[in-house]
Number of protein chains: 2
Amino acid sequence: MNTAGPLHSTAELAELGQQLRVDSVRASAAANSGHPTSSMSAADLMAVLLARHFRYDFDRPTHPGNDRFVLSKGHASPLLYAAYKAVGAIDDAELLTYRGLGSRLEGHPTPRRLPWVETATGSLGQGLPVSVGIALAGKRLDRTGYRVWVLCGDSELAEGSVWEAAEHASYEHLDNLTVVVDVNRLGQRGPTRHGHDLDAYARRFKAFGWHTVQIDGHDVDAIDRAYGEARSTTGQPVVILARTLKGKGVAAVEDREGTHGKPLPDADEAIAELGGPRDLRVRAPEPRAARALHAVRTGHLELPRWDEGEEIPTRDAYGQALAALGNARGDVVVLDAEVSDSTRAEAFAKEHPDRFFECYIAEQQLVAAAVGLAARGWIPYASTFAAFMTRAHDFLRMAAVSGAGLNLVGSHAGVAIGRDGPSQMGLEDLAMFRALHGSTVLYPCDPHQTARLVATMAGLDGIRYLRTSRGGTPLLYGPDEEFPVGGSKVLRTAGREDRLTVVAAGVTVHEALAAADALDAQGIPVRVIDLYSVKPVDRLTLRSAAEETGCLLTVEDHREEGGIGDAVLDAFLDGRPLPRLARLAVRTMPGSASPDEQLHAAGIDAEAIMAAGRLLVEEVIAP
Amino acid sequence: MNTAGPLHSTAELAELGQQLRVDSVRASAAANSGHPTSSMSAADLMAVLLARHFRYDFDRPTHPGNDRFVLSKGHASPLLYAAYKAVGAIDDAELLTYRGLGSRLEGHPTPRRLPWVETATGSLGQGLPVSVGIALAGKRLDRTGYRVWVLCGDSELAEGSVWEAAEHASYEHLDNLTVVVDVNRLGQRGPTRHGHDLDAYARRFKAFGWHTVQIDGHDVDAIDRAYGEARSTTGQPVVILARTLKGKGVAAVEDREGTHGKPLPDADEAIAELGGPRDLRVRAPEPRAARALHAVRTGHLELPRWDEGEEIPTRDAYGQALAALGNARGDVVVLDAEVSDSTRAEAFAKEHPDRFFECYIAEQQLVAAAVGLAARGWIPYASTFAAFMTRAHDFLRMAAVSGAGLNLVGSHAGVAIGRDGPSQMGLEDLAMFRALHGSTVLYPCDPHQTARLVATMAGLDGIRYLRTSRGGTPLLYGPDEEFPVGGSKVLRTAGREDRLTVVAAGVTVHEALAAADALDAQGIPVRVIDLYSVKPVDRLTLRSAAEETGCLLTVEDHREEGGIGDAVLDAFLDGRPLPRLARLAVRTMPGSASPDEQLHAAGIDAEAIMAAGRLLVEEVIAP
């Protein structure tokens, strides 16, 4: 068949659909695992998209005019890889490496390994939310006219994240976004809630402000018309609800329960039933001619400065530094979950409204949209309360799988927020962010430090997390001090005289300094380390402190698991002798109280540090 | 005014609303913090509910016939506490302790401190999801006729969790559930997406299968009629969309931006404008006479047994043990997120369909419904893939604030799942669950061990997490072996001859045993500890192992942060000398491969343990 242009006839499109089915079956059979039946239901939807509507140059995945495709139902990866073969992006031999050691063709697609994949999928209900971020970039920033196509399963519409995204997309009038739902009626363990009731889904999407189209997902002409309708719809996003059959085309599995996530029982028979292997080649329609990707203005960075004697919350420093960074870098964008007055991201919003994205109270969508913007080359900063970052944990996990570059900023860290109580206290955020693959975790204690770190984050890879505090803190550093990632600051030392090292970050640095004054007055010289870089941790400084002072005391406004205490231990877990160590952290469930009362009740204030430090120096082991 | 029965006249109800406003203003003024304006918008809604429709005996919060009330907009706590004063549950002096150290009246209400609170709120979008669980208990299990009332804010409807809950409630025909939305138009930092467009919300709820009512939320007669309509609606849940004004009744703040989350600028003036303090007392309508709470059948527990030579995945053991536990205990209920064929919870579903709750692919709702069921005294087991537990992190965090008793079971732990790739691998779950306050974390390596732990979990407090594996493992223990929480098993030792201790759990126990055989053959006797109880950890056994063997090697199918390595260190962080220690964990981003290839690539298989163990014994420090 032709290799030069789009396929035209109904028969040709149907043949392409059958090829995608056959190749899905073959790949899964070769791997002896995978999801062929979930691929077969969507094969016709994919065939028509590829041949007629998806404007993409597979030789130039970075082409600024390329449409974007997201396989939200990531388990249907055999279909995606079969499509890559049909366009000549991979060959048949590679197709059959599916799910093998070292293969680019993973069980669920990731952009780490494949240049045509926009975002990692496989955790359901994430492809659409991320696509909203990509479509936002297209509509508000890139403006090269590309369209974002998303293939969703029906099961995943039960995820709330889908409806956060649906709300976001219609509110932003994303008519460059088309969602195709493969309504094959069957989830993993049986029928979905709504089965083949397309109206049920249509009512929901319509209510959320979407244009809806319902079709037979195996009628290639109907599919073609629906895609055309999507492309010509303006002012709102479009969802195409396609009635399909799981395992379509092979009687042994078609529309049957118990066929999810396994190769077909008899691949050869199935392939024969599907009409045998084909070797159609198709070329997707050309992308629009487009100018280069967003030309990014870069200028001189002038960070804010504060005067000695001021008490500035690190969240304020974040907001002001972010606004300044926005002046210097045209590629910085900021996302808010309707708390920008608290996180202080509002300072950026005021100066750069064109690059500010309000996501309302929807933290999953906050992070997903950031992932989408990052996929298009923008540098997103997304901020909310540290506590509510946990709402997006699965999205952060998947962002790490994608290798996405994100800046996340969590405010209102720890018990130090005071009277609002535990629901608003970020007490598990360090543990969550530290465990993410390739993450960087920063926790400043001073406004100049915060400002520097906010700027530094922009240039890092992977997930960067900065933790800010609600209350004001006195200045510890000058405006020109530098804070390399992976470093720390020794704020106080009597050199080899020191008998104890206290390691702190954020609010506890100030408590540690007060405690050190008091212990010093009692004849115990204390070293104080400001561990602003929680991950990576400054191994050398910690090791020499251990060697010189013999014992370490960590103190943190965080749960004892996974925070600063554990980060410090990372410096020693290579078989070397360890220092004696004790850890102060939040072990209680706080109630409401003033910030000082909270620090005291949690046992992480200067008084607690003094008491623990003395015990440690005197080698008293806790009972 | 009367103290003996419901208030009747419009004027009386309006007066009660004003009292609730005044007391909200007074409490916030006394605390010099809080959310009076968010309380004032909903005061009339609360007044009518309390006086006319909420059937509750405040002297007997455990009365089985009591209605249930959930303040989903938990920041409107002044309103809740003002209501408690109006019914005589607290006195005025206590009201004015609001947000103070030691006060029961926290910034956001929690059931830890107040007997009338069903669940902790303050993270938005959680009250309704949990209420669905309570209403499910009411409709399917308790059957004492109680009704669940939820007061939501409008901002929080942007949370996807609300729509997971909306779907769940209508699918289950929860006509005992009424949601009142205080549509005051203003979020924290400005107008909401839909402002006062009640139709926008009505369309969405209608599409999700709810009966909707729209009213003026300051018209007490309209409110009364709406509540009556809700109570008489059958077959579907009801949402009452009430148009209100934030800060209603005080011109300085009414319907104005910038008034969120702070005391009124002039409390005395505001109180005067509201007509001054009142001291109305109201008695909520009597609860229905109801028999005692669910009589729970308890019988003999007969756990499954397996024969030597079988290779049984721990997930299979979970399913079978759960079914057995269901036979022995009538209060055990099980929730699934549409993966019960994978988690093996289907074994319970088959035997106890009346106590099985399908939540479809909605992990936030999975956990929230479990919290609701637990609030009503049931013992929930909720299972999905360990990786997808991260989706519910914020719900787990809030469940810990509530002190809820939950059993969570995450399957498909670690790289050992094989070909599906990183999106499906639970690699951060131990870190997440360990950092939750008061949690228990269990990780079995053998089917008999799994079965015992599944049964033991039921009797614990707080959040209990069990991690299961996909692949089969040989039997290590007999059916009568006991596994106390906080214990461990020394699987292999030559006593004081041992030169190294390997600490493992789950799949790595088997790798550790193989490595120990090989090292022993090379003249290095190795102790192997099965750390099935990751939190709490067996300090004594670990300490004597450290003392006797001098060095510890931990190996885990999890990220290095927050998992088994860190758990082991918990045994030593009291200032005592530490053993030399090294840690093997998953430091790469895996792709697809077979389980054995994955363990090898991640460096956590027997070969890696041998290599690291030898280095540790030979005191070679890693570069």
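Residues numbered from 1 in each chain as written. Chains lettered and ligands numbered in written order. Predicted model: local features only at pLDDT ≥ 70, side-chain atom pairs only at ≥ 80, totals over all residues. Heavy atoms only, no water.

An unreviewed UniProt entry lists chain A under the name Transketolase, from Streptomyces lacrimifluminis. Of the comments in the UniProt record for chain A, the one headed Subunit (unreviewed entry) reads "Homodimer." Checking UniProt for chain A, the heading Sequence similarities (unreviewed entry) contains the comment "Belongs to the transketolase family." (UniProt positions renumbered as here; feature names shortened; annotations may be inferred.)

K.L.:
Hey, could you go over the sheet that holds strand β14 (residues 489–492) of chain A for me, with residue numbers and the actual values?
P.N.:
All names here are of chain A. An order of β14-β16-β15-β18-β19 is seen for the 5 strands of this open sheet, with the pairing classed as mixed. Two strands close off the open sheet at either side, each with one partner strand: β14 and β19 (580–586). Pairs of neighbouring strands in the sheet enclose a mean axial angle of 25 degrees, with direction left out of account. Bridge analysis of strand β15 (residues 500–504) against strand β16 (residues 526–530) gives 5 bridges, and the strand direction is parallel. When the bridges of β16 are listed, T501 appears paired with R527. Of the strands in this sheet, β14, β15, β16 and β18 (551–559) touch helix α20 (residues 539–549), which is tilted by about 170 degrees from β16. (Pairing = 2+ DSSP bridges. Helix = DSSP H or I, 4+ residues; strand = E, 2+ residues; numbered from the N terminus. Axes fitted to C-alpha atoms, helices over the stretch in contact; angles between N-to-C directions. Contact = heavy atoms within 4.5 Å.)

K.L.:
Account for the packing of helix α6 (residues 127–142) of chain B against helix α14 (residues 363–375) of chain B, with residues named and values stated.
P.N.:
Packed helices, taken two at a time, are described by the angle between their axes plus the distance between the axes. Residue and element names in this part refer to chain B. Relative orientation of the contacting elements α6 and α14 amounts to 55 degrees, with a least axis distance of 6 Å. As far as their axial angle goes, α14 and α6 are oblique. Taken as a pair, α6 and α14 cross one another with a handedness that is right-handed. On α14, the residues that touch P129, V130, V132, G133, I134, A137 and L141 of α6 are Q365, A368, A369, V371, G372 and L373. Partitioning the contact of α6 with α14 into residue classes produces 10 nonpolar, 3 polar and no charged. (Parallel < 35°, antiparallel > 145°, perpendicular 65-115°, else oblique. Left-handed = near helix turned anticlockwise from the far one by under 90°. Nonpolar A, V, L, I, M, F, W, Y, C, P; charged D, E, K, R; others polar.)

K.L.:
Could you give me a rundown of unusual backbone geometry, with the residues and numbers involved?
P.N.:
The linkage connecting K535(A) with the following residue, P536(A), adopts the cis geometry, with an omega of 0 degrees. As for its placement among the helices and strands, P536(A) is situated in the loop between β17 (533–535) and α20. A positive phi is found at D255(B), a non-glycine position, where the angle reads about 60 degrees.

K.L.:
Any details on the side chain of E164(B)? Residues and values, ideally.
P.N.:
Along the chain, the position of E164(B) falls in helix α7 (residues 160–171). Of the side chains bearing the opposite charge, R391(B) lies closest to the buried E164(B), which forms no salt bridge; the N-O distance is 5.8 Å. At a separation of 2.7 Å, a polar atom in the side chain of E164(B) contacts the main-chain amide nitrogen of G160(A). In this structure E164(B) touches A158(A), E159(A), G160(A), S161(A), A362(B), E363(B), Q364(B) and Q365(B), once residues within four positions along its chain are discounted. (Buried < 20%, exposed > 50% of the residue type's maximum accessible area, 1.4 Å probe, protein only. Lys, Arg positive; Asp, Glu negative; His and termini not counted. Salt bridge = Lys/Arg side-chain N within 4 Å of Asp/Glu carboxyl O. Polar contact = N/O pair within 3.5 Å; in protein donor to acceptor, adjacent residues only side chain to side chain.)

K.L.:
Before we move on, can you summarise the UniProt feature "domain: Transketolase-like pyrimidine-binding" (unreviewed entry) in chain A with the specific residues and values?
P.N.:
Feature annotation in UniProt places "domain: Transketolase-like pyrimidine-binding" (unreviewed entry) on residues 312–475 of chain A, given in this structure's numbering. Secondary structure across residues 312–475 of chain A divides into 42% helix and 21% strand, with the first and last C-alpha atoms of the span separated by 8 Å.

K.L.:
Tell me about the interface of chain A and chain B, and name the residues and values.
P.N.:
Contacts between chain A and chain B engage 106 residues on the former and 106 residues on the latter. Here chain A meets chain B over a buried area of about 9100 Å², counting both sides, of which 51% is carbon and sulfur. Its largest share of buried area at the contact with chain B, chain A owes to R189(A), R193(A) and R391(A), together 10% of the area lost on that side. Linking chain A with chain B are 16 salt bridges, by the criterion used here. Among the salt bridges present, the one from D570(A) reaches R583(B), with a minimum N-O distance of 2.5 Å. Counting the contacts that link chain A with chain B gives 63 residue pairs in polar contact (both at pLDDT 80 or more). In the side of chain A that touches chain B, the residues fall into 40 nonpolar, 32 polar and 34 charged. (Buried area = accessible area lost by both parts, 1.4 Å probe.)

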